[in-house]
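Each chain is listed here by its residues.
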Amino acid sequence: MTDLGVATPTVAGAGDKPAAATGKSLSVVALRKTYGPMVAVEDASMEIAAGEFVTFLGSSGSGKTTTLMMIAGFVEPDSGTITVGGRDVTRLDPQKRNLGFVFQQYLLFPHMTVAENIAFPLQLRGVPKDEIRRRVFETLDLVGLSGFGNRKPRQLSGGQQQRVALCRALVYRPPVILMDEPLGALDKKLRDQLQTEIKKIQRELGLTVIYVTHDQEEALVLSDRIAVMRDGRIDQFGTPRELFERPRTPFVADFLGAANFLSGRVEHHTDEHTLVRLDTGGLLRARQHALAKGAPVSVAVQPGRLDVCAPADAFCSGTVQSVTYVGTLVRVVVNVGANCSIRLEVSARNAPQVGERVGITADPDNINLFAAESAG
Amino acid sequence: MSVSTPALPAARIRAALASRRTRYGLLTALPVVIYLLVLFVYPILGTLALSLKDEQGGFTLHWYADTLTGINLSVLLTTLRISAETALASLVLGFLLAYAVSRMRPLFAALAMVLVVAPHFVSALVRTYGWIILLGDYGVLNEAMQAVHLPGAPYQLLYNEIGVVIGTTYVMLPYTVLLLYGVMRGVDRRLLAAAASMGAGRLVIFRRIYLPLVAPGLASAGLLSFILSLGYYVTPRLMGGPNQTMIASLIEQQVTKDYRWNGAAAQGVVLLLITFAGLLLLKVVGSLGASAKQRSNS
Ligand SMILES: Nc1ncnc2c1ncn2[C@@H]1O[C@H](COP(=O)(O)OP(=O)(O)OP(=O)(O)O)[C@@H](O)[C@H]1O
Ligand SMILES: [Mg+2]
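Position labels on residues start from 1 in each chain and follow its written sequence. Ligands are numbered from 1 and chains lettered from A, in the order in which they are written. Reporting of local features is limited, given that this is a predicted model, to residues whose pLDDT is at least 70; pairs of side-chain atoms are given and counted only at 80 or more, and all residues count toward the totals for whole chains, interfaces and linings. To obtain the side-chain values, all non-hydrogen atoms of the structure were included, while hydrogens and water were left out.

A count of helices and strands for chain A gives nine helices and 20 strands. Overall size of chain A, expressed as C-alpha extent along the three principal axes, is 75 × 45 × 40 Å. Burial analysis of chain A (376 residues in total) assigns 54% to the buried set. When the accessible surface of chain A is totalled, it reaches about 16,300 Å², and 50% of it is carbon and sulfur. The helix count covers DSSP runs of H or I at least four residues long, the strand count covers runs of E at least two residues long, and both are numbered beginning at the N terminus. Remark: exposure states derive from per-residue accessible area (1.4 Å probe, protein chains only) relative to the maximum for the residue type, with buried under 20%, exposed over 50%, and partly exposed in between. What sets the accessible areas is the Shrake-Rupley method with a 1.4 Å probe; for residues, cover comes only from the shown protein chains.

Below, the discussion takes up the domain arrangement of chain B. Residues and elements named next belong to chain B. Here the domain parsing of chain B yields domain 1 (1–51) and domain 2 (71–297). Taken over C-alpha atoms, the centre of domain 1 sits 35 Å from the centre of domain 2. In this complex, domain 1 contributes five residues to the contact, which on the side of domain 2 involves six residues. Two parts placed together each lose some accessible area; with a 1.4 Å probe, that loss summed over both constitutes the buried area. Between domain 1 and domain 2, a total of about 470 Å² is buried, with carbon and sulfur atoms accounting for 82% of that surface. Here, a salt bridge means any side-chain nitrogen of Lys or Arg that lies within 4 Å of a carboxyl oxygen of Asp or Glu. Across the contact surface, domain 1 and domain 2 share zero salt bridges. We call two N or O atoms a polar contact when they sit within 3.5 Å, provided that within protein one can donate a hydrogen and the other can accept it, with sequence-adjacent residues counted only if both atoms are side-chain atoms. At the boundary of domain 1 and domain 2, one finds one residue pair in polar contact (both at pLDDT 80 or more). Residue classes in the side of domain 1 that touches domain 2 are distributed as three nonpolar, two polar and no charged. Start and end positions for the domains come from either an automated domain assignment or a database one. Here, residues are in contact when the closest pair of their heavy atoms is within 4.5 Å. Gly is put with the polar residues, along with every residue not named as nonpolar or charged; the nonpolar set is Ala, Val, Leu, Ile, Met, Phe, Trp, Tyr, Cys and Pro, and the charged set is Asp, Glu, Lys and Arg.

Moving on, we get to the domain arrangement of chain A. Residues and elements named next belong to chain A. Partitioning chain A into domains gives domain 1 (4–99 + 174–250) and domain 2 (258–371). Around 690 Å² of area is buried between domain 1 and domain 2 when both sides are counted, 47% of it from carbon and sulfur atoms. Among the residues domain 1 hides against domain 2, the three largest losses belong to Phe244, Arg246 and Pro250. Together they make up 64% of the total. Here domain 1 is connected to domain 2 by two salt bridges. As a salt-bridge pair, arginine 305 and glutamate 245 come within 3.1 Å of each other at their nearest N and O atoms. Linking domain 1 with domain 2 are four residue pairs in polar contact (both at pLDDT 80 or more). Of the residues belonging to the side of domain 1 that touches domain 2, the class tally is three nonpolar, one polar and three charged.

All right, on to the coordination of the magnesium ion (ligand 2) then. Only nitrogen, oxygen and sulfur atoms qualify as donors, and only when within 2.8 Å of the metal (3.2 Å in the case of Na, K and Ca); with water excluded, sites may look incomplete. Note on the magnesium ion (ligand 2): its protein donors are Thr65(A) (OG1) and Gln104(A) (OE1). The metal-donor distances range over 1.8 to 2.5 Å. Placement of Thr65(A) in helix H2 (residues 64–72) and of Gln104(A) in the loop between strand S6 (99–102) and helix H3 (114–124) is noted, with a sequence separation of 39 residues between them.

Residue and element names in this part refer to chain A. Note on terminology: near, applied to a residue and a molecule or strand, indicates that one of the residue's heavy atoms is within 4 Å of it. Near ligand 1 lie 14 residues; those nearest to it are Ser60, Gly61, Lys64, Thr65 and Thr66. In this structure, threonine 66 approaches ligand 1 through a side-chain N or O atom, which is 2.6 Å from an oxygen atom. Protein chains bury 63% of the 640 Å² of accessible surface belonging to ligand 1 in isolation. At the level of elements, strand S2 (38–48) and H2 are the ones that each hand at least two residues to the shell around ligand 1. Considering every element that reaches the shell around ligand 1, the biggest residue donor is H2, with three residues. Classifying every residue of the shell around ligand 1 gives three nonpolar, nine polar and two charged.

It is worth spelling out the pairing of strand S13 (residues 283–287) of chain A at this point. If a strand is regular, its side chains alternate between the two faces of the sheet. All names here are of chain A. Paired strands, in this sense, are two strands between which DSSP finds at least two bridges. In this structure, strand S12 (residues 273–278) lies alongside S13, joined through five bridges in antiparallel fashion. Across the sheet, leucine 275 pairs through a bridge with arginine 285, a residue of S13. Where S12 folds back on S13, the antiparallel hairpin that results is connected by four residues, among which glycine 281 adopts a positive phi of roughly 115 degrees.

Take the sheet that holds strand S7 (residues 176–180) of chain A next. Residues and elements named next belong to chain A. Strand order across the open sheet formed by six strands is S6-S7-S8-S3-S9-S10, with mixed pairing between neighbours. Looking at which strands have only one partner, the edges of the open sheet turn out to be S6 and strand S10 (233–238). Looking at each pair of strands side by side, their axes are set apart by 15 degrees on average, direction ignored. Sheet analysis places S6 next to S7, joined by four bridges and oriented parallel. Residue pairing across strands places glycine 100 opposite isoleucine 177, the latter belonging to S7. In this description, a line fitted to the C-alpha atoms serves as the axis of each element, helices being fitted only across the stretch in contact, and the angle between N-to-C directions of two axes falls anywhere from 0 to 180 degrees.

On to the sheet that holds strand S4 (residues 79–84) of chain A, then. Residues and elements named next belong to chain A. The antiparallel open sheet is built from four strands, whose spatial order is S2-S1-S4-S5. In this open sheet, the two edge strands, each paired with only one partner strand, are S2 and strand S5 (87–88). In this structure, strand S1 (residues 26–35) lies alongside S4, joined through five bridges in antiparallel fashion. Bridge assignment links valine 28 to a residue of S4, and that residue is isoleucine 82. Relative to the sheet, H2 contacts S1, S2 and S4, its axis offset from that of S1 by approximately 120 degrees.

Now the structure itself:
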């Protein structure tokens, strides 16, 4: 076992062989953290496989950083256990967990140059000088900062500092890397580029990465699985596809798919479908959901899963309020009743005219129903 | 900001004087300037003049030669040595104390600071006699050490260099503690956490991260206590022996006993020069510290 951080320089050596799976599995069971009366994280549980890329997605203050800090050992959980590679680390000091951490606030050492910052974890592992120099150079090059090695952190922009922080965590290839919004300060282009790099390194080395972001697109691009967090709880933990197509809560449907919400009641069940009488009058066919007849429901459907059709075939209809071209797609807003509008994304070839009366249809399989009580 | 192109210094000064703000500033500073001229600059110039005059009123460097030779030189060296020892001792103690206080919760930290600073509102004489009572052969400390049969007890803790350094360090402690406490509070603890996340142990974190971040504070605290110690008078007189005579006592002796004003003046000027050199160094270190602080805040 080479999982003992400081005392075992072999860890760095192991990272040298590319394609070797160096990642470790990680499991979190019933983690809880309170600050006074405030519950920051509640009942967080997840099993993460070695080499998996997991993202915590959630709005500000939802407990993403706190969960990450508990895994890293900087915040002590009130209860729950954390296991890395089968070893219980819940009460272990951070320096003994052999994880990498990219902090939301960068936290570069101000008295060291960029190169010294990146070399620091390698020196701790007793990597020879020549190799340190080579790896620092390589890593800086990777993030587009070659030639910045001799600068002090204060002489860098926020985005540059963030990239150095990323280098400092990647350079020693810890089996598990925790990243707290590591690309938050970067522009779109650089962010896309670094997402690709992070993903590439993670794949090649088989690293386990836990990544925090509140950008859903970023989460979808990078992740094997996503944990959607809300108010300190994990609403759903699954593949991007699962979250997108089978959201477990209205929050997930909204946060990932920017879903439209309509309300209605369950009319009856057929063999394959649940039929819902919408408040706007129409009858909607959804895939089978286990909901009682007559129960009030909230219907969630993503703009991209809707289409325009003749009003006669539609579950609801209305007048087109606006049409916006975004490349090959058009965004259409249809007014379907008093203060109620539906957003659609349809192929530009099917684009309706503003003011036109259209019907809206969807594949029943793409329609998610939630009991209305939980539609907070 | 009215002069944007690089101008000649004279032109720049004239431009600065023309600004209303500068003139107003000079006017308000006038009382202080006069005060300093009369009570500070004039006596110093007087002392300087005195130190360069022989008995007939002619120019001489004799008094400086005198200051830097023989017994006078050894007193000067003693002064430097005791000051350095004091600076070192108060730095080490101050560091430990300030570190402990900086790790306390704010309320306790405030209380601890009061405890450190409060004794210094008591007169220096009273404090020194307090130490004499504590440190004497039959003082509390030696009695206690004898009671537990510490080998070699009682120790000679008074009327030697140990006694002087204990006394002077005690006087310096609040300065170093206050200074270091400020610097330590300014250290971003999350940087230490960052180092820990990479696998650095406590000792490595202390040596490679913490110490460099507080180093500018350590340097200024050390220099400050060195400079302030140079002028000690009461403590070495009361707690030291004849070998701990410091330059301030020597000056006093020359003035009140030997009536050698010129010699005393030369010694005063030398002391002043050493102090100025120290202050200059302090300023350099201070500006280094300021830029370090700017860095850790960025
Ligand atoms: N040290 C602390 N003391 C008290 N409350 C805290 C502390 N740290 C976090 N919290 C609270 O815990 C909750 C979760 O915070 P956390 O930093 O985990 O959010 P986050 O999901 O990372 O948000 P962001 O996206 O803004 O970084 C917040 O409501 C926050 O106010
Ligand atoms: Mg956060």
